[in-house]
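# Structure at a glance
What follows is each chain in one-letter form.
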Amino acid sequence: MSLSRRTFVRTFGVGSAGALTLPAWLNARGLEAGTFGTDEAVTATWRDGVPIKLDSNENPHGPAPAAVRAIEQSFRRASLYPSKGEQEVRDAIAKANGVAADQVMLGCGSGEILRLAVQAFCTPTRHLVAAKPTFETPAKYAEVLGLPVREVPVDGNLALDLKAMLAQVKGAGLVFLCNPNNPTGHVHGKAAVTAFVEAALQADPEVIVLIDEAYHEFVADPSYGTSIPMVSRHPRVVVSRTFSKIYGLAGMRLGYAFGAPATLTRMERLRLDSAIGGLTQAAGVAALADPMQVTREHAANLEARTFTIDWFTKAGYAVVPSQTNFILAHIKRDSAKFKDDCAAQGVLIGRVFPPLTQHTRISIGTLAEMKQAVQVFGRVLA
Ligand SMILES: Cc1ncc(COP(=O)(O)O)c(C=O)c1O
């Protein structure tokens with residue numbers, strides 16, 4: 001059964017109280033946008049003064065339709081513990097990526113995988129190596145646990161400084177390599193990543209290298225390639241992915257990692273049992289099974305991203321070449337103020353990533369949203 005507007009409203013209990021009772025994520029885009037993802041609906045919500053949400057690199061078209069159907073069909077299984085279903089998800093991920101199921105582990109979002117890696121592999125005497133700026137979870141969690149962190153600034157082109165990172169590997173517990181990197185959007189080619197990983201593994205006999213591929217499905221650069229094949233060759237390599245981006249399932253919390261079984265076990269034993277809910281499992285399996293999901297979202301993102309990059313470039317602001325569902329633009333002024341000013345006009349954009357305090361990270365929404373958003377950017381930057 002497909003999710004009609006009426007069944008959606010019934011399902012989520014939105015009655016006469018209307019929009020006031022909607023969950024926050026739905027309020028942000030409007031009911032129609034959340035259900036159907038139409039450009040008209042998004043435009044309508046904009047006219048109603050609802051913010052355009054370009055702050056968290058979510059999928060602006062909503063969840064993969066196949067996942068929504070699977071969630072609907074799974075409501076009745078909510079009384080059962082979901083532990084057995086994890087195997088089905090791991091099997092589906094393994095099949096889709098050409099690895100064995102025992103080379104896959106699941107997480108409550110890939111954020112949990114990143115935390116588990118810090119907890120499992122770093123110690124008071126074995127530090128974390130991470131770029132600056134990069135996705136903050138590993139460094140923040142290491143700080144919470146009182147574990148040492150060595151942050152390596154990105155280079156002049158805002159690419160990860162692989163040489164400088166390598167120099168910090170000796171004695172490390174974990175190296176976090178985000179490719180493409182959030183927030184810069186920069187991608188490193190397969191040859192460069194492979195050379196880096198092999199040199200890092202040689203530099204220290206214990207270190208684990210984690211390659212975060214949260215934005216993998218958006219990349220078109222022919223020099224890029226996933227690092228998944230490396231996990232079969234190198235037991236000290238872990239690759240993480242997520243359903244939060246191209247599959248539109250950020251709210252369901254499902255991430256996964258590839259690695260050697262013994263390496264994954266070191267993280268797995270720190271996980272909560274039955275952490276992945278049954279509806280989430282059903283959503284993940286169904287989303288993977290739809291061959292058009294990635295193709296469709298990749299194309300829509302590329303069109304809206306190209307439009308947005310062109311706008312900034314024509315307006316005289318450099319944009320880091322992006323292979324993701326966000327861009328980083330150099331706005332030549334304080335980005336915290338720019339963020340506040342855009343929010344005041346109904347467009348939410350990304351947080352500030354020190355030390356890049358004059359750059360702004362903007363998630364790519366629908367083309368209709370971006371056409372509205374650039375008008376606000378234009379007014380604020382004027
Ligand atoms: C690079 C990167 N890794 C991991 C995550 C965590 O995502 P999730 O926990 O939703 O899988 C994000 C979220 O934005 C991210 O940008």
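Residues numbered from 1 in each chain as written. Predicted model: local features only at pLDDT ≥ 70, side-chain atom pairs only at ≥ 80, totals over all residues.

## Some points on the overall build of the protein chain
- On a plain count of helices and strands, the protein chain comes out with 16 helices and 11 strands.
- Within the protein chain, the fraction of its 382 residues that count as buried is 47%.
- For the protein chain, long-range pairs separated by at least 24 residues make up 72% of all intrachain contacts whose partners lie at least 6 apart in sequence. (Helix = DSSP H or I, 4+ residues; strand = E, 2+ residues; numbered from the N terminus. Buried ≥ 20, exposed ≤ 12 C-beta atoms within 10 Å, placed from the backbone. Contact = placed C-beta atoms within 7 Å.)

## Some words on the site of the ligand
- By nearness alone, 13 residues border the ligand, and Gly 109, Ser 110, Gly 111, Thr 242 and Ser 244 come closest of all.
- A class-by-class count of the residues in the shell around the ligand yields four nonpolar, eight polar and one charged. (Near = placed C-beta within 6 Å. Nonpolar A, V, L, I, M, F, W, Y, C, P; charged D, E, K, R; others polar.)

## Brief notes about the pairing of strand 6 (residues 208–212)
- The element strand 6 is largely enclosed, with a buried count of five among its five residues.
- Pairing analysis gives five bridges linking strand 5 (residues 172–178) to strand 6, with the strands arranged parallel. Opposite Cys 178, over in strand 6, you have Asp 212 as the bridge partner.
- Handedness of the β-α-β unit built from strand 5, helix 10 (residues 190–203) and strand 6 comes out right-handed.
- Two strands pair when backbone bridges link them, and strand 6 and strand 7 (residues 237–242) are joined in this way by four bridges, in the parallel orientation. Note that in strand 7 the partner of Ile 211 across the bridge is Val 239.
- In this region the chain leaves strand 6, passes through helix 11 (residues 228–233) and returns to the parallel neighbour strand 7; the handedness of that crossover is right-handed. (Pairing = 2+ DSSP bridges. Right-handed = clockwise from strand over helix to strand, strands pointing away.)

## Quick look at the nonpolar core
- Grouped together as the largest cluster of nonpolar side chains are 97 residues, with contacts concentrated most on Ala 67, Ala 117, Leu 128, Leu 174, Val 175, Val 209 and Leu 210.
- In terms of residue count, the dominant contributor to this core is helix 7 (residues 110–121) (seven residues).
- Each of two domains, domain 1 (5–62 + 292–381) and domain 2 (67–289), supplies a minimum of three residues to this core.
- With residues up to four places along the chain from it excluded, the contact list for Leu 128 reads Val 118, Cys 122, Pro 138, Ala 139, Ala 142, Leu 147, Val 149, Ala 172, Gly 173, Leu 174 and Phe 176. (Core = buried A, V, L, I, M, F, W, Y, C linked by C-beta atoms within 7 Å. Domains from an automatic or database assignment.)

## Let's talk about the packing of helix 5 (residues 65–74) against helix 13 (residues 278–289)
- Contact pair helix 5 / helix 13: the axes reach a minimum separation of 7 Å and the direction vectors enclose 145 degrees. Relative to helix 13, the crossing made by helix 5 is right-handed. Facing Ala 66, Ala 67, Arg 69, Ala 70, Ile 71 and Ser 74 of helix 5, the residues of helix 13 in contact are Gly 278, Leu 279, Ala 282, Ala 283, Val 285, Ala 286, Ala 287 and Ala 289.
- Its residues assigned to classes, the contact of helix 5 with helix 13 shows 11 nonpolar, two polar and one charged. (Axes fitted to C-alpha atoms, helices over the stretch in contact; angles between N-to-C directions. Left-handed = near helix turned anticlockwise from the far one by under 90°.)

## As for the sheet that holds strand 7
- The seven strands are arranged 2-8-7-6-5-3-4 in an open sheet whose pairing can be described as mixed. Pairing within the sheet leaves two strands with one partner each, and these edge strands are strand 2 (104–107) and strand 4 (149–153). The sheet shows a mean angle of 25 degrees between the axes of neighbouring strands, taken without regard to direction.
- Contacting strand 2, strand 3 (127–132), strand 5, strand 6, strand 7 and strand 8 (255–258), helix 7 runs over the sheet at an angle of about 155 degrees to strand 7.
- Where helix 12 (residues 261–268) meets the sheet, its contacts fall on strand 2, strand 6, strand 7 and strand 8, and the angle it forms with strand 2 comes to roughly 20 degrees.

## A closer look at the environment of Glu 297
- Within the fold, Glu 297 resides in helix 14 (residues 291–314).
- For Glu 297, the contacting residues outside a window of four places in its chain are Asn 59, His 61 and Ile 246.

## Digging into the environment of Val 376
- Looking at the secondary structure, you find Val 376 in helix 16 (residues 367–381).
- Considered as a pair, Val 376 and Val 347 are 29 residues apart in the sequence and their alpha carbons are 7.4 Å apart.
- Filtering out sequence-adjacent residues up to four positions away, Val 376 remains in contact with Cys 342, Gln 345, Gly 346 and Val 347.

## Quick word on helix 12
- By the burial criterion, the buried members of helix 12 are Thr 263, Leu 264 and Met 267. With its buried residues spanning 95 degrees around the axis, helix 12 presents them on a single face.
- If you follow the buried residues of helix 12, they end up packed against strand 2, helix 7, strand 6, strand 7 and strand 8. (Arc of directions from axis to C-beta.)

## Here we look at the packing of helix 7 against helix 8 (residues 137–144)
- Closest axis-to-axis distance for the helix 7/helix 8 pair is 9 Å, and the angle between their directions is 45 degrees. Considering the angle they form, helix 7 stands oblique to helix 8. The way helix 7 lies across helix 8 gives a crossing that is right-handed. Across the interface between the two elements, Gly 111, Leu 114, Arg 115 and Val 118 from helix 7 touch Thr 137, Pro 138, Tyr 141 and Ala 142 from helix 8.
- For the contact of helix 7 with helix 8, the residue count by class is five nonpolar, two polar and one charged. (Parallel < 35°, antiparallel > 145°, perpendicular 65-115°, else oblique.)

## Re unusual backbone geometry
- A cis amide bond links Asn 182 to the next residue, Pro 183, at an omega of 25 degrees.
- When you line up the elements, Pro 183 lands in the loop between strand 5 and helix 10.
- Cis geometry marks the peptide bond from Pro 354 to Pro 355; its omega dihedral reads 5 degrees.
- Considering the arrangement of structural elements, one finds Pro 355 in the loop between strand 10 (347–349) and strand 11 (359–363).

## Focus on the confidence of the model for the protein chain
- With 87% of its residues at a pLDDT of 70 or more, the protein chain shows a mean pLDDT of 89.
- Low pLDDT (under 50) marks residues 1–47, which in the prediction has 47 contacts with non-local residues, meaning those over four places away or in another chain. (pLDDT = per-residue confidence, 0-100.)

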